[in-house]
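Breakdown of the fold
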Amino acid sequence: MEPPTIGSMEPQPAPDAAARSSGREAPPSPPRRRFLRFLVGFSAASTLGMIIAPIVGFLIPPRTQGSGGGRVVAGTLEDIPANTGKVVAMGSAPVIVVNTEAGVKAYSAVCTHLGCIVGFDTTVRHIVCPCHDGHFNPASGAVLSGPPPAPLPPIAVALEDDEIVLVPSGG
Ligand code: FES
């Protein structure tokens, strides 16, 4: 028996080329695969947003009221509409302001687990820590799930016209 020679080996066309040469089109990507790609992309984008949004909110300083003894204007009700939240700086401390069905609330944005900055997840309407998926109740600051050992400490908040004003303790 003779070993095959190079000249006797015919190159095999790629599957797509074979389909094209035979007049058939390559099958389209199945809808399920496209949907899974969309889900993975959406999940990655929303996770990135959850991490970046609180940091950006913290870095952009809010207005402070000159005569208010360190009171901080966190924004207006238009800036933080119902079922949303925003992280602002109160001095050097990050604070999360949330507009809930129980009213506008504010808490320290430092997670009670290992100190990451929390954000507001509009999908589940919870305050969420992106580090270890700790969830807090936006109406009370209580821990709903995850590793945080204690609720988020509350910050006094007042509505003046449509402005949301954070009031430091003792102020
Ligand atoms: S640091 Fe927030 S859950 Fe771990």
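Residues numbered from 1 in each chain as written. Predicted model: local features only at pLDDT ≥ 70, side-chain atom pairs only at ≥ 80, totals over all residues.

1. Quick notes on the overall build of the protein chain
Counting secondary structure elements, the protein chain contains two helices and eleven strands. When the helices and strands of the protein chain are placed in sequence order, the string is α-α-β-β-β-β-β-β-β-β-β-β-β. Across the 171 residues in the protein chain, those meeting the buried criterion constitute 24%. (Helix = DSSP H or I, 4+ residues; strand = E, 2+ residues; numbered from the N terminus. Buried ≥ 20, exposed ≤ 12 C-beta atoms within 10 Å, placed from the backbone.)

2. As for the pairing of strand E4 (residues 93-100)
As judged from the seven bridges shared by strand E3 (residues 84-90) and E4, these two strands associate in the antiparallel manner. Considered in E4, the bridge of Gly85 is made with Val98. Hairpin connection, E3 to E4: the antiparallel pair is bridged by two residues, and Gly91 has positive phi, about 65°. Direction of pairing for E4 relative to strand E5 (residues 103-108): antiparallel, over a ladder of six bridges. Considered in E5, the bridge of Val98 is made with Lys105. What sits between the antiparallel neighbours E4 and E5 is a turn of two residues. (Pairing = 2+ DSSP bridges.)

3. Notes on unusual backbone geometry
Positive phi, close to 60°, is recorded for Arg125, a residue that is not glycine. Along the chain, Arg125 turns up in the loop between strand E6 (119-121) and strand E7 (126-129). Backbone geometry at Asp133 places phi at a positive 60°, although glycine is not the residue there. Summarising the element assignment, Asp133 is placed in the loop between E7 and strand E8 (134-136).

4. Quick word on the nonpolar core
Ranked by size, the top nonpolar core spans 25 residues in total, and within it Val95, Ile96, Val97, Val118, Ile127 and Leu166 carry the most contacts. When contributions to this core are tallied by element, the ones reaching two or more residues are strand E2 (72-76), E3, E4, E5, E7 and strand E11 (163-167). Top element by residues in this core is E4. It accounts for four residues. Aside from chain neighbours lying at most four places away, what touches Ile96 is Gly85, Val87, Ala106, Tyr107, Ala109, Val118, Phe120 and Ile127. (Core = buried A, V, L, I, M, F, W, Y, C linked by C-beta atoms within 7 Å. Contact = placed C-beta atoms within 7 Å.)

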